[in-house]
Every structure is written in structure tokens, then in C-alpha cells.
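Structure at a glance
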Amino acid sequence: MEKSVSFVHLVPKDVVYDPEGKRIARQIKKHLKLESGVVLASKLFLIDYPLSDDELSGFASQCLHDPVVNDIYCGKLHTPDNYKSYISIAKMPGVTDDEGTSAQKTLADFLGKQIDTRTQHIFVQDLCLIEKGFDDKTLFTIASNLLGNKLINHFEYGSPENFKLYVPAVDVVVDNTVENIDIFLPDDELIRLSRDMVLSLDLAEMKAIQNYYRDEDVNSKRAALGLPEIPTDCELEILAQTWSEHCKHKEFAAQITYTNTVTNETKQIDSLFKTYIKGSTEKIRESLEKNGNKWLIKVFNDNAGVVELNKKDTFIWKVETHNSPSAIDPYGGAITGILGNNRDPLCTGIGGGRLLFNTNVLCFGDPYYEGELIDTQLHPRRIFEGVVKGIEDGGNKSGIPTVNGSIVFDERYAGKPLVYCGTAGIIPKQYKGRNAWEKHIDKGDRIVMAGGRVGKDGIHGATFSSTELNEFSPSSAVQIGSPITQKLCADFLERATERGLIKCSTDNGAGGLSSSIGELATISNGARVNLENVPLKYSGLKPWEVFLSESQERMSLVVEPEHMDELFGLASEMEVELSDIGEFTSDGDLVICYGEKTIASLSLDFLHEGVPRKMMSALWNGIDVSEPTLPQVADYTYVLKRLLSALNICSKEWVIRQYDHEVKGKSIVKPLMGDGNAPQDAAVVRTSFDSFEGVAVSNGIIPRYGDIDAYQMSAGSFDEAVRQIISVGGELPNLEKSNGLFWTVNDNFCVPDSLYDEVNNPDGKQKLAKLVQMCEALYDMSTYFDIPMTSGKDSMKNDFKGGGKKISVPPTILYSMAAKMSDVRKAVTSNFKAAGDLIYVLGETHDELGGSEFYQLFDQLGANVPVVRPEAAKQLYIAVTEANKKSLIESCHDISDGGLAVCVVESCFGTSFGADISIDTISAVGLNAALFGESHSRFVVSVAPENQDQFETHFKDRAYYLGKVTGDANYCITEKGAACITAPVSDLLDAWKSTLEIME
Amino acid sequence: MKKVHALVITGFGINCEEEMAAAYRLAGAEASIVHLNDILVEGFSIHDFDVLNFPGGFSFGDDIASGRVLANKIKFKKLPSGKTFIEEIREFISAGKYVLGVCNGFQVLVKLGLLPDLSGDAVQQVTLTRNDSSKFEDRWCHCTVASGAKTPFLKNIDKIYLPVRHGEGKLMISEESVRSQIVNNNLAVMAYCDASGRITDEYPLNPNGSEMSIAGLCNRTGQVFGLMPHPEAFLTLYNHPDWGRLRRDNPGISEDGEGLQIFKNIVAHIESEER
């Protein structure tokens, strides 16, 4: 044990006071099938700061000790004889240790001293004492499977009498060397260089860089700055980051030759993004503005899309993914994802957005998977639990409600999960007379870095997420977010922007300073940064590492020189660290210095426009699918119960309740309503306490359908998100002149590697064809409904490789929609309201069981995938909105996974009611399709008896009568007078709720 | 008459300050949100206000234990005046003013010893610690108010339905003498109950395993009140998870949320004192 370090052991007084220890014991039993006996979960505070014995015991007893539930031991461990094993879980050197930092702040308050925050003086470890004497191998299994992640945690374990104290120590050797890299190499060596440096650049890109350094003008400029003729490591790293798929979206910008042999069509697509995504929004803008609807303010060219909320404020909305990091460290990946996504609306335009809510949509493998895992692959259950915990901490600790989400399970997400994080914010239209959504920068403006310090965290995150995951993926790609650091920063930004002290801001995410400064520099056309002024968590970082580091909770601020003093004063008062790291210029170059020495200079034009255009091929030969012949269903009640328990349909309450979905006090339609069991279609959130204006928020994602038809999968996902908003009382846009009812959508594509390679990716062209079809559907649907994309993201390499195997995600698209509601009090919830109300289905039911959850029960895919019929859908949605204006609808629930039979019983959940319905009005399509088909654009609604005539007149042949809400809490569906499903609602509720309740 | 002025503390991870301020404004008071460092560093005085509020949130990320680091700051950090903030708060209370803590704010008050503060010397006697479920949960709970509860915050409220959103809301009491004094002085003013109003230990009606199902405590004078549920999250009927059915069953139902009553109570009480 090192002498200079003192420690305090904080132990629960008794197992009675230790729910965490009990939880760990349960987990050991459940997941590892081991009997641990009693587990005592204690904490160890290591203090690497000179304290007298009195100071130490005072600090321990007055600042760490809770006299009701803890005992404390200073400088000695408490290890009662009945515990035969221990595991200590420490953070590795340099890994965020928020609790240590908080303890250090409290020590400073206690001593009445300033303690250098540059150095971490207190480290917190978890120490589990275990009754059973396990061998080292078992203890390591427990530690690495249940208690920590070996990429970020250091474990000590064994018998308590051999306890070993681990003190995380960071290497403190200063290393500011800059290497020059020879790139005048033959092709095969260039490719090797790219791979060895983890640049993720292909040969054409490496050659483009070679050419740049051959240019005479470039060379003479470099000579004047004292730079070599070949690139410095810093320059190559900046180029690789800027040109990464993650940052440059090269595949969405590629020239694609698309051949469809089914329709005999061949076409050239000049960038998927330009053609379909930006193209649709521009067409919609025209249509909107023709009608006086001028709420589209800023699309695609900032951190988040901006629309007009009302005369005073704008609404900003961003959804993106954080998949690769979540595969290797689920907790860290997810918390970093959500906090990173929060910074987008925080730093849109000038910045300082007030965050209104989060959403999250997650795709996982089967949490109950019992087969073998490949190499470094984590079990889907661990990924699930870790990601949920990350989102919980990221959202809850930031005080942002998680109002809406969805979870999709499919075995193909077992390698790389998909973690979509969404955040909306509100920003005033103006700060001190400046338009808040705009970014202006002039020569001479200062570059200020705000927030956390820089370490080796996440170096190569941008290039890493642009490749598949494999056994050699760098562990430095893992980062842990710190919600508290970011909260301080967000509070500061809000005040500073209000006072007009910030000219604009941007977030430091993937690619770190390199990305944020590299992009901001295009506004003034130049920037000069001195890396020596960037504060570090610890020394030992090379200059390029400082520039590329993805250490979290950082933002880059643009500040006019005259505001520097006031801004720095405010920051120090609010405990946010600011550093002046350079200035914007207008000479066309990005110049990086370290002290006196220039270590990089790149032309911005080359940096941003120099990447060679990718050429790609897509080929669609159709797929061979057919409708199955199923065995006769003997017991439809049993089938319904199985469907209700299916992972994609079952209650997500276990997850939902761990998220704070109502902080800020503005939630109107929550994920679960009624008595707490009624699932809802979309969230409704009011936007201020001064009015009842609000937004409805939904998510559309149905990857399963893509196995049959990628176009219909994308169209169906779009329709799902639209109908959910209609269901809760939203209204389609642009139906009336100048009514200001905005819709704002983020599209997020997550696809497997779609770049054809004869050996490594032989079906790449087929995959790319699916991506093209998904984009075509996006264009067709959005322009038909006048619902525009305003921001989004694509993640192109969602494959996991190891041990000679590859797990690729199915092509997936998520549409995340937010739509304004003029009065949230008119919202409609999904649950039935009164016995005796009449139940109808709105919309057409077709023979469409292809890709359904029902077929999934029989391991069948089928061929008749649900098809979106936009004309009928739009007419119905308009009719629903009109009916809501007349208050004709008591409850409304959109039909999706599991079909009508699931939808009606879900409308009973959370109430004391049942339903007695007949399927005869829609069973012409066949009983299976009527009960379980997932045809789009349909709703189950209930209507008060006194409104029956008006309702039926209003909907005419679009409404099919089913039956009545009953007071007896029984569920009964009849076909031609005979019951085919009958069960107490409580039984069905149990079936729906039990699947994930047993996660713990 | 001068408007009642509420001070709402924020900073360091507190995050329910806006709805807390909105609650006071809806109740007819003025409300100011003030960053803790304005008080700790800049010397902002709390004594011009009538009621001091510690809202919910995750101050310092719940590190060490919920509310602990913030409580330490209030206890030890010297203000420009040379006093500590806890001394200022105790003066504030001695002057007959009111203090409210919700969720993380309640955790802070308990860890400061300001609740239940049986001996009047601000020594911690109870704690709020990790839920029996060992996880954070967001759910709505029925709470019953002890008859004869002497805090003005709860006047004329028998039962209230509010959301809880916490991972450390289990109230535990150090020793039997403290428990009996809490009972004898009727300080356990709010308890988790079932829909009929019967106090219960049953999870999830009692969401965290609190002793005696305690959801809220006040001090002996009733001036200091803390609770785990969030009254500021139920300001309008439309925050209620079953508002659709409530409105259907009770046409003409008030659009106010039940939580608003707590703020109306304290504002009315202070106004009546000033009269």
C-alpha cells in the first residue's frame, strides 16, 4: 500500500441498509447461476492530498459519513470475517471520476482552501465484500460481467486478507513531439499507412493528400511557416477526421449507379443527400411558403434543425446515433451519446438553447440469448442494461425529461446495437438584437474552449465509427460523459448568450477541436489555434491528440475580444473553465501552433472540398419471398398472449420508469397513462407555463419490413411516426394558410456496410440498393405530406466482426417527428374513457401479414408487407383532426405491431374497462389478417354513445364498427357470433408486463 | 400589499427551478431564481425573501450520497460575510420565514439537519437513502396528509396525488427516540398510501421502502417542509396521468393541478401573516 495516499472506507451499517449489495447478489445468482451469500456494497475514497489525521477524520465524519446508514473507517478497511472474497472496481487512469471530483470539491469547502482542480486528488472505488469464498477466475467473471467493464475499470479481487489497494496513476511524461509522415509511398504502403495510423482513408483519398503536398504554392507557403514538405502527424490526423465517413458523409454524397433488374431501370444518383433529403425539403419549403407557412428557419447546415415555434421563440430538434461506442462500453457509449446530442441544440446558432426533452430509440439483440458470443462481443442483456443506465443518468442528471422512445429487438443488433438519442430545445429568436439561429464569425474573434479538460478520451472516435468493429478496436475510443460538468456548462451558456457575450458556439463532439474549429473556420475563412493553451486532464498528450481528443462536455465559443473579460468573469462565478485558444482569421487556412512552433497548416478549401468523390454501385435483383401456409390456429387467446409477451410488443415499463419523463413539469401525454399502464402513441409536451401551446413527438421505426421491401419499410416507418402524432391530436401541416403548425423531422439511417467489395462485402450492391429505396420512400412520403426533414444523420458501417464471423444490422431508418399543437388540452390519449363507449377501427385493413409479429411467432417472414397508401392515409388523417376539433373521439390508438387484437386490448390497459368486439366488419381479409395484420394508417378509437351519429356521418365508410367498451374488465373478440379470443384484461396485462419485468 | 416573494435556488445540478418558480407565480407570488454561487460567492442576501426553496434535481450528480455535497457546501463554505450559508438559513428561519425542499431539496434539508431538527441545532437525525428497489423510478403516488399537520404548506389538504422521481427517497431514522419524537410531534406530515387513503408499505404504493411510509417531514414549527414527491410537477390538471378520464367523469373539473395547492397555501399563509 502506498504511504502517501490515505483512504476512507464507507460501509453500510448493516445489510439492511444495503439494497445495492442485495441487487448485486441477485444478479450474481440470476446471470451467473452462482450463490454468493451476502454481498456488502461499500465505497473506498482514496485521497492523494496531504491531510493531517484530524483533517482526514473530520472530512470523513462530517463530509462523507451518513450517520444513519454508514460506518466509516479511516486508513483501514472494514472486512468482517464472514466475508471471504472481495472485488474492488476502480476507474482506470484518466477515466472520468465525477464522484472523486465532487468529493474533492467538498474537501475544498471543508478545509476552506482552493484545491488545484487540475489534478485529481480523490479517487472513488466500489468495494464489494462477498460472503462466499470464490476463486480468482470466478471473481474476475463477476467483476467483468456484472460490476464493471475491463476497458475502463481496473479490478482487484481475492480474499480480503490479501487486499490490494490500487491507485490509478496517469503517466505524466510530457510528450509534445510532432512527427512528420512520409506519404510519397507506393500504393500498397499508402494503404498500410492509413490502416496503421487508424486514418480510415482509402487509396484515392491518400493519393489526393499526396497531390496536395506536391503543389508548389502549398510547398512555398509551408516553407515560410517552417513546416516540412511532407505532412505532420497533426495534419494527417485532421484530414482523416474531416474526411471520415462520420463527418463527411461520403457515401450519402457519392455518385451512385443504381440498377433495378426487376423494373429494368438504371439511373445515376448525384448524392443521396442532395437528391432525396435536401431535395425533398427544398420542394416542401416551396409548397409551404406558397401557402404562407414560413416556419422553416434553418435546415441541415447547423447542429440541429430550427423552426419557428411562435413570435418569440424557435424550436430546435436533433436526433443522432451513438452505436459503435455503445457496443464496447454500453453505459459510457449511451451517456456520451445523449450528452453529446444535448450539445447540438445547446450550440445551434449563437447557442444557449433551453433543452425541453430527450427521446431515445434503441435496437438490441435478444436479451435472453443463450448461444455463444463471438470474441469481444458483449451479451445483448449487458448492452441493454448498460445503455438504459447510461440514458437514465445522462437524461435524469441533466434535468431533461425522456418523454418518448421505442425499443426494437432483432438478433442482428446483437453485434452493434443502435442507440438513437434525440433532444429538442427552445431558443429565443433574438439575443440583444441578433438572430439567435445564425452563426456569424469575423476575423479577430477569439476561439474559446469551454467545459471539461482534454485527455486521451475518444481519440479516433470519428474514424473508428467509420469502420466495422473488430477485436482490435481501440479502447481509447471509450469515453464517459459527465452530466454534472455539462449541466454547469449549459447553465453558463444560457446566461452568457442572454447577456450577448457569445457570438456563436458549437459543440466539440466527434473529432474534438479539429472538427469544431475546422467547421467554424469556414465562416470567417480561417483560424489559428495554439494548442499549448488547451487545458489538459494530465500531460503526456501529443499535440495532435489534444486537437483530436473527444473528451466530453466541451464546446467551442466564438467571442468578440471586447466581451472576453465579462465572459471569463461569469464563467469563473459559475465554475466553468474557459480557455482562450486562438483566433479566427480570413486568410483561407487552418493553422495550428504549439507554443512558438507551427505544427499544421491546411488550406480550408482542400480540407473541406478536397476529398475525392466516391463512386458506388447499387444493384437490385428483387428477392424471393412468399406467403407461408400456417397450421390452423387452435387457440387465438393463446396466440394473443404470446404476441403481448413478444419483445417488440411487451410493456417497456421496466425501462420507462427509470427515466425521469416529467422533470420540467411540462409533460401532458406521458409514455404510460391511465393508472400507469396505458401505453401511448406519442408524447405531448407543453412548451411554456404561459400558454397551452406544445409539441407532439413520435418515432417511426419498423426494420423488420425491410427484409421484404426496403421502400415500404421506410414509407411505413414514416407513416407510423405521422399517424402517432395524428392519434394524439396533432394536425398535418400546410392544410391552412399561415397557421404556423410546424412539423420537423430528423431522419437517421443506420445500415450495414454497403460499399461493394468482391471479398469482404460481396452483397454490398444489394445493400446499397436497399438504401436507395429507403431514400426514395423518404422523398415520396415527405413531399406528399409536406413534412420536411430538418436535420438527421447516417451511420454507414454497422457491422461487428470477430472470430471469422460478422453480424450486420438490418438496414434501419428512424423518423423522429415533432409537430406543434396549438392547444395541448385537446390531446387525445389511447386508453378507453368510459364503459358503453363505441369502438371503431378507422382506415382500411388489408391482407398484409408480411413481416408481422404474428408471422414471427411461426418463424415466417411472408411476402405481403404492409403498403402505405398515402392518398387514403392523408384523407383519413385530415378527417381525424376534424373529428377532434368537434371532440368526437374519446380515445385513439394507432395500430402497429401485433395488429388490431393487440391495439384494442392495449386501449383497455391502464383502465378498469374491458372490450366486447366483433371482427366481422373487417374479416373479409381473413381472420388472421383482421386480428393480427399490421396494415398502416389505421386507428382504434372509442366514441361516446351520444356522438355516434355525428361520428358515423363524419367518417362514413372509413369507420368500421367493432363493439363496445365494457365495465367488466374482460376482453372478448367474436367472429360470426362465436368467441375467438376471450380473457380477463388482467391476464393479458400480466402477459404484456412480465417479459421485461424479470430483467433484474 | 407587497407581493410574497419566493427565492428559488439553482445551480450545480439542481434542475426543477423553473417549474418551482412557475408554481409560485401561478400561486400569485413573485419568484426569483438565484444561482447558489450568487449567494456563496457574490454575497446575495436571502433575507429580502419570504420563502426559500430548494428544488429537485441531481446536485453534484448525487455523488457520495444524494444532497450530501450540496449540504456540505452550505455547511462549510464561507460567504463573503464570513458566515456560512447554513447560519444565514437558520437566521432566516428564526425570523419566522419558510423553507421548502422538494426531492433533492428535501435530501439537502435532511442532510443539513434542518429536518426534522428535533433539538433545534441542525444535526442530521434521519436520512434519505437508496430505494429498496436500488433504482431510480418515476411513478405517481398517492399521499395522505397527517391530520393536524401543523405546516402551513399542507393546510386543508387531506390527500394528494403526485409524481415521485428519485433513486434515493427511502427515509430512515437513526434511533427509536428520534422516531418517537417524530411521531409525538406529528412531524411525519405526509405518507404514501393507497387510492383509498390507507397508509401502506406495499411496493410500489410506497415506492422506496420509507420507514412509516414517510413521504414528507416538517420541523416542529412547521416552517420547514420537505417532501420527496414533486408538487411543482402537477400545476395543471393536464399533468395528471389520467386527466382524460378525470375530465370525462367530471365535466367542469378545475384546470389546476393538485400540487399547486401547496404553493397557494404558503403564499396565502404569508399574506395572512403580513395583514
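Residues numbered from 1 in each chain as written. Chains lettered and ligands numbered in written order. Predicted model: local features only at pLDDT ≥ 70, side-chain atom pairs only at ≥ 80, totals over all residues. Heavy atoms only, no water.

Scanning chain A for helices and strands turns up 29 helices and 41 strands. For 1000 residues, the compact-globule formula gives about 30 Å, and the C-alpha radius of gyration of chain A, at 29 Å, lands near that figure. Seen along its three principal axes, the alpha-carbon backbone of chain A occupies a region of about 85 × 75 × 60 Å. Taking all 1000 residues of chain A together, the buried fraction comes to 66%. Expressed as a percentage of contacts within chain A between residues at least 6 apart in sequence, the contacts between residues at least 24 apart total 82%. Summed over its atoms, the accessible surface of chain A is roughly 34100 Å², and 48% of this surface lies on carbon and sulfur atoms. (Helix = DSSP H or I, 4+ residues; strand = E, 2+ residues; numbered from the N terminus. Rg over C-alpha atoms; globule rule 2.2 N^0.38 Å. Buried < 20%, exposed > 50% of the residue type's maximum accessible area, 1.4 Å probe, protein only. Contact = heavy atoms within 4.5 Å. Areas by Shrake-Rupley, 256 points an atom, 1.4 Å probe, with all protein chains shown as cover.)

Turning our attention to the overall build of chain B. Secondary structure assignment for chain B yields eight helices and eleven strands. Taking 19 Å as the expected radius of gyration for a compact globule of 275 residues, we find that chain B reaches 18 Å, a close match to that expectation. If one aligns the C-alpha atoms of chain B with their principal axes, the spans along those axes are about 55 × 45 × 35 Å. Residues counted as buried form 67% of the 275 residues belonging to chain B. Contacts in chain B between residues at least 24 apart in sequence constitute 75% of all its contacts with a sequence separation of at least 6. Looking at chain B as shown, the accessible area adds up to about 8700 Å², and 47% of this sits on carbon and sulfur atoms. Across chain B, the centroid of the 28 positively charged side chains sits 1 Å from that of the 35 negatively charged ones. (Lys, Arg positive; Asp, Glu negative; His and termini not counted. Charge placed at Lys NZ, Arg CZ, Asp CG, Glu CD.)

Residue and element names in this part refer to chain B. With seven of ten residues buried, helix α1 (residues 17–26) is to be regarded as a mostly interior element. All buried positions along α1 are accounted for by Glu 17, Glu 19, Met 20, Ala 21, Ala 22, Ala 23 and Tyr 24. Phi for Gly 28, located one or two positions after α1, is positive at around 95°.

So, on to empty space enclosed by the protein. Rolled over the atoms, a probe with the dimensions of a water molecule shows which regions are left empty. Residues and elements named next belong to chain A. What the rule picks out here adds up to six cavities of 30 Å³ or more. Quantified by volume, the second largest cavity comes out at close to 890 Å³. Taken together, 44 residues make up the lining of the second largest cavity; nearest its centre are Gly 405, Ser 406, Ile 407, Lys 652 and Gln 680. Elements supplying a minimum of two residues to the lining of the second largest cavity: β12 (354–364), β13 (402–409), α21 (653–656), α22 (710–727), β36 (891–894) and α26 (899–908). Examining the composition of the lining of the second largest cavity, we find that eight residues originate from one element, β13, more than from any other. Looking at the lining of the second largest cavity residue by residue, the class counts come to 22 nonpolar, 13 polar and nine charged. (1 Å grid on protein atoms, 1.4 Å probe; cavity = no way out; pocket = protein on both sides within 12 Å on 5 of 7 lines; lining within 4 Å. Points joined across faces, edges and corners; volume = space filled by probe spheres on them. Nonpolar A, V, L, I, M, F, W, Y, C, P; charged D, E, K, R; others polar.)

Of the residues lining the interface, 64 residues belong to chain B; the matching set on chain A comes to 71 residues. Roughly 5500 Å² of surface becomes buried between chain B and chain A when both sides are summed, with 51% attributable to carbon and sulfur atoms. Across the contact surface, chain B and chain A share nine salt bridges. One salt bridge in this structure joins B:Glu18 and A:Lys666, with 3.9 Å as the shortest N-O distance. Inspection of the chain B/chain A interface yields 29 residue pairs in polar contact (both at pLDDT 80 or more). Looking at the side of chain B that touches chain A, the elements with two or more residues in it are α1, α2 (36–40), α3 (68–76), β5 (126–129), β6 (137–145), β7 (159–166), β8 (170–173) and α7 (243–249) of chain B. The residue makeup of the side of chain B that touches chain A, split by class, is 20 nonpolar, 19 polar and 25 charged. (Buried area = accessible area lost by both parts, 1.4 Å probe. Salt bridge = Lys/Arg side-chain N within 4 Å of Asp/Glu carboxyl O. Polar contact = N/O pair within 3.5 Å; in protein donor to acceptor, adjacent residues only side chain to side chain.)

Residues and elements named next belong to chain A. Ordered in space as β25-β28-β29-β34-β30-β31, the six strands form an open sheet in which the pairing is mixed. Only two strands of the sheet have a single neighbouring strand rather than two, namely β25 (667–669) and β31 (789–795). The sheet shows a mean angle of 20° between the axes of neighbouring strands, taken without regard to direction. Taken together, the eight bridges between strand β30 (residues 743–750) and strand β34 (residues 812–821) define a ladder with antiparallel strand orientation. Bridge pairing links Phe 749 to Ile 813 in β34. The sheet strands contacting α22 are β29 (694–700), β30, β31 and β34, and the helix crosses β34 at an angle near 25°. (Pairing = 2+ DSSP bridges. Axes fitted to C-alpha atoms, helices over the stretch in contact; angles between N-to-C directions.)

What follows deals with a nonpolar patch on the surface. A contiguous nonpolar surface patch, about 190 Å² in accessible area, is contributed by A:Val15, A:Val16 and A:Val38. The class for A:Val38 is partly exposed, based on a relative accessible area of 32%. (Patch = residues over 30% accessible without salt bridge, like charges linked within 9 Å, V, L, I, M, F, W, Y side chains within 5 Å.)

Once that is clear, we can look at the sheet that holds strand β2 (residues 30–35) of chain B. Residue and element names in this part refer to chain B. Taken together, the nine strands give an open sheet; going across it, the order is β2-β1-β3-β4-β11-β10-β9-β6-β7, and neighbouring strands pair in mixed fashion. The open sheet terminates on both sides in strands that have one partner only, identified here as β2 and β7. Sheet twist, expressed as the mean angle between neighbouring strand axes with direction ignored, is 25°. Sheet analysis places strand β1 (residues 5–10) next to strand β3 (residues 51–54), joined by three bridges and oriented parallel.

For the rest of this paragraph, the subject is the nonpolar core. Counting residues in each nonpolar core, the largest one holds 132 residues, and the members touching the most others are A:Phe492, A:Leu557, B:Tyr24, B:Phe85 and B:Ile89. Not counting chain neighbours up to four residues away, the residues in contact with B:Tyr24 comprise B:Ala6, B:Ala29, B:Ala31, B:Val51, B:Asn53, B:Leu100, B:Phe153, B:Phe263, B:Ile266 and B:Val267. (Core = buried A, V, L, I, M, F, W, Y, C linked by side-chain atoms within 4.5 Å.)

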